[in-house]
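Letter by letter, the chains look like this.
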Amino acid sequence: MNAVIPSPTEHAAEGGAGSLAAAGPWRVRADRSLSEVAETVRALLAPHLGARLLPDGNMREHGSEIVLALDATGVPPARTVGVAPAGTAEPADEAYALTVGADGITCRARTPEGVFRAATSAAQLLLTTPPDGAIEAQRLRDAPHYAWRGLMIDPARSFVTPDEVRQVIDLAALYKLNVLHLHLTDNEGWRLAVPSLPALTAGADTSGPGVSDPDASAPGVSDPGASTAGVSDPGASTSAAFYSADEYRALQAYAARRFVTIVPEIDLPGHCAALRAALPDLPPAPAPEGLAGRYPFVPPLDLADTATHTAVSAVLADMCALTDGPFVHIGCDEAVGITADAFKVAVHELRSLTRKFGKRPVAWQESSRAGSGPEDIAQFWVDVPMMDLPGSAEELAARPELTASGMTMEIASALRTFFAPSDHDVERVLAGGGRLLLSPQSHLYLDRRYSAEVTPPGQAEAATRLGFPHYLPRDVRHTASWDPASHGIPDESVAGVEATLFGETLRSIDDLTTLLLPRLGSVAETAWSGRPPLWAEYRGRIARHAPLWRERGLVHFAAEDVPWG
């Protein structure tokens, strides 16, 4: 069985052509125009093949070949919709054709990016086959449906070191994702050094309240972004928990060689405790009457205030100057404690400043309440129904994970009221001609606990500890069942698809990958193909990827609804 993820649209066996031994040794061969792509492909294969991977330029030793070619022969037409992460007017041509023969695997495409996508399919064919096995002779042809296929991780709450970010980039590239969204700022920390305000990262360390204390959140919102715990304790660690400008540039270059664009996020005007710690004299934004004292929250920023505007402008200017890609995410979610008018001012100013500094803003869906136009991209993540809030005391009692987290019916009612406007955010974006980046909490928020029914005994502690406690635990099949068409959003209004993994409960890269794997595979397949995989067939394919993850040192959750073998 072909175990490639995303599964290619066209797959045909080459009858009578025999098979290709997986043992190797293996050589990656390309002409000079693809030398950098070939070098990157070798780097992706190296952790798996070891001595079975021949060095570049070694043509004396006989070996099977992965041949990379700019050749349109057999390549299907591009059929991609959405927003190009590279910022081009039209999506990149990532269509490819791949042929497995007795001597090796040939990857053809019209563009280097397409060749690289073909090479990741070749890598999966090889790496999901045992070294003493054989790859059947076959032909694959494919092209992506959505242009933007992303993953968001959250260094702000649980720092991810540069080397660990590179591990995530490699994983994303192997599954044909092309955006890594870095949630760099929040109440728990500010993770990118900016020249205009070095105090933002002064004393930052690898621990923080969001890492070890998932219950530090305010009860008034669903995401502990409203935590009043503040920033990291500078005495907790000697390791710097932020990216220097040079480290950030190096991560972008590393990602670019894998055709992955990094999109940084500065989350404002809420989620701003780290910025307030550096600039404690900034005034709060105007607050709705009657809110003070009911729930703890960090006062959002008032962008109408001159000092606040000056500080935010300087920080955004630095962020935009440091960022190679065309997009910067400006947050705009869950601004608890700001009036509607002050929120509109904040969103307008954040958008305007980002554009002034040469980047295109992306924001969470709440930004639509300040208006939405054709140039705006809103990240759709929530409506009240997908929050699975209890509607009665009986329903709450039946959800022990909620009662253990401190949920009460009063809090559930407050959450329902606070998030009620989200039920109309999509309408606002569509009415204004904007684009929606699909990240529904119901399926693509991967900081969701695994359900007890699929938890293996050896990972019971992780299943209980990892994941945001307000979300209903689900099995792996649930994530794989998500259909982009289920939201009724026309394709021409979709920017793309992005999974998110917030870090409130994470303590390590192992925790991150436990929540990420195996669920990332189905997200990547749906983002690439535009439709969910067939579970009965897909679960067998994803099972064959466990050795690949282990060889890369990545921990996965061995959910019992997948036949790991």
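Residues numbered from 1 in each chain as written. Predicted model: local features only at pLDDT ≥ 70, side-chain atom pairs only at ≥ 80, totals over all residues. Heavy atoms only, no water.

Participant: Can you walk me through the overall build of the chain in this structure?
Facilitator: For the chain, the count of helices and strands is 19 helices and 18 strands. Its C-alpha atoms give the chain a radius of gyration of 24 Å, near enough to 24 Å, the size a compact globule of 565 residues would have. In terms of overall dimensions, the chain has a C-alpha envelope of 75 × 50 × 50 Å along the principal axes. A buried classification covers 59% of the 565 residues belonging to the chain. Put simply, of all contacts in the chain between residues at least 6 apart along the chain, 79% involve residues at least 24 apart. Within the structure as shown, the chain displays about 20100 Å² of accessible surface, and the carbon and sulfur contribution to it stands at 53%. Computed over 46 positive and 70 negative side-chain charges, the separation of the two mean positions in the chain equals 6 Å. (Helix = DSSP H or I, 4+ residues; strand = E, 2+ residues; numbered from the N terminus. Rg over C-alpha atoms; globule rule 2.2 N^0.38 Å. Buried < 20%, exposed > 50% of the residue type's maximum accessible area, 1.4 Å probe, protein only. Contact = heavy atoms within 4.5 Å. Areas by Shrake-Rupley, 256 points an atom, 1.4 Å probe, with all protein chains shown as cover. Lys, Arg positive; Asp, Glu negative; His and termini not counted. Charge placed at Lys NZ, Arg CZ, Asp CG, Glu CD.)

Participant: Got a minute to help me understand helix α8 (residues 340–356) in this structure?
Facilitator: Two residues of an α-helix separated by three or four positions point the same way, owing to the 3.6 residues in each turn. The terminal C-alpha atoms of α8, which comprises 17 residues, lie 24 Å apart, in line with the 24 Å expected from a rise of 1.5 Å per residue. Buried within α8 we find Ala342, Phe343, Ala346, Val347, Leu350, Arg351, Leu353 and Thr354. All buried residues of α8 fall inside an arc of 165 degrees around its axis, so they share one side. For α8, the exposed residues lying more than 90 degrees away from the buried face are Asp341 and Lys356. Next to the buried residues of α8 lie β13 (261–268), α7 (306–322), β14 (327–331) and β15 (360–364). Positive backbone phi, at 90 degrees, marks Gly358, one or two positions downstream of α8. (Expected span 1.5 Å × (residues − 1). Arc of directions from axis to C-beta.)

Participant: What's the story with the confidence of the model for the chain in this structure? I'm lost.
Facilitator: Detail in the predicted coordinates should be disregarded across regions flagged by low pLDDT. The pLDDT averaged across the chain works out to 92; a share of 92% of its residues lies at or above 70. The model gives residues 206–238 a pLDDT under 50, and that stretch makes 95 contacts with residues more than four places away or in other chains. (pLDDT = per-residue confidence, 0-100.)

Participant: Explanation requested: the sheet that holds strand β16 (residues 377–380) in the structure shown.
Facilitator: Spatially, eight strands are ordered β9-β10-β13-β14-β15-β16-β17-β18 in a closed barrel, and the strand pairing comes out parallel. Strand-to-strand, the axes of this sheet are offset by a mean angle of 30 degrees, without reference to chain direction. Where strand β17 (residues 435–438) and strand β18 (residues 494–501) come together, three bridges link them in parallel fashion. Bridged to Leu438 within β18 is Val497. Across the face of the sheet, helix α3 (residues 162–174) comes into contact with β9 (148–153), β10 (179–183) and β13 while running at roughly 145 degrees to β10. (Pairing = 2+ DSSP bridges. Axes fitted to C-alpha atoms, helices over the stretch in contact; angles between N-to-C directions.)

Participant: Got a minute to help me understand the sheet that holds strand β4 (residues 64–70) in this structure?
Facilitator: Strand pairing in a sheet relies on backbone hydrogen bonds. The paired strands run either parallel or antiparallel. Strand order in this open sheet of six strands is β1-β8-β5-β6-β4-β3, and the pairing throughout is mixed. The sheet terminates laterally at β1 (10–13) and β3 (26–30), the two strands that pair on one side only. Strand-to-strand twist of the sheet, defined as the mean angle between neighbouring strand axes without regard to direction, takes the value 10 degrees. When strand β5 (residues 96–100) meets strand β6 (residues 104–109), the two strands line up antiparallel, connected through five bridges. Within β6, the residue paired with Ala97 across the bridge is Arg108.

Participant: Sorry, what's going on with unusual backbone geometry here?
Facilitator: For residues that are not glycine, phi is negative in most cases, and the peptide bond is trans in most cases. Along the chain, Gly24 connects to Pro25 via a cis peptide bond; the corresponding omega equals 10 degrees. Tracing the backbone through its elements, the reader meets Pro25 in the loop between β2 (19–21) and β3. Omega for the peptide link from Leu268 to Pro269 comes to 5 degrees, which places this bond in the cis form. Looking at the secondary structure, you find Pro269 in the loop between β13 and α6 (273–278). Even without being glycine, His271 reaches a positive phi, approximately 50 degrees. Secondary-structure assignment places His271 in the loop between β13 and α6. For His271, a relative accessible area of 5% gives the class buried. With a phi angle near 75 degrees, Cys332 is a residue other than glycine that sits in the positive phi range. With respect to the secondary-structure elements, Cys332 resides in the loop between β14 and α8.

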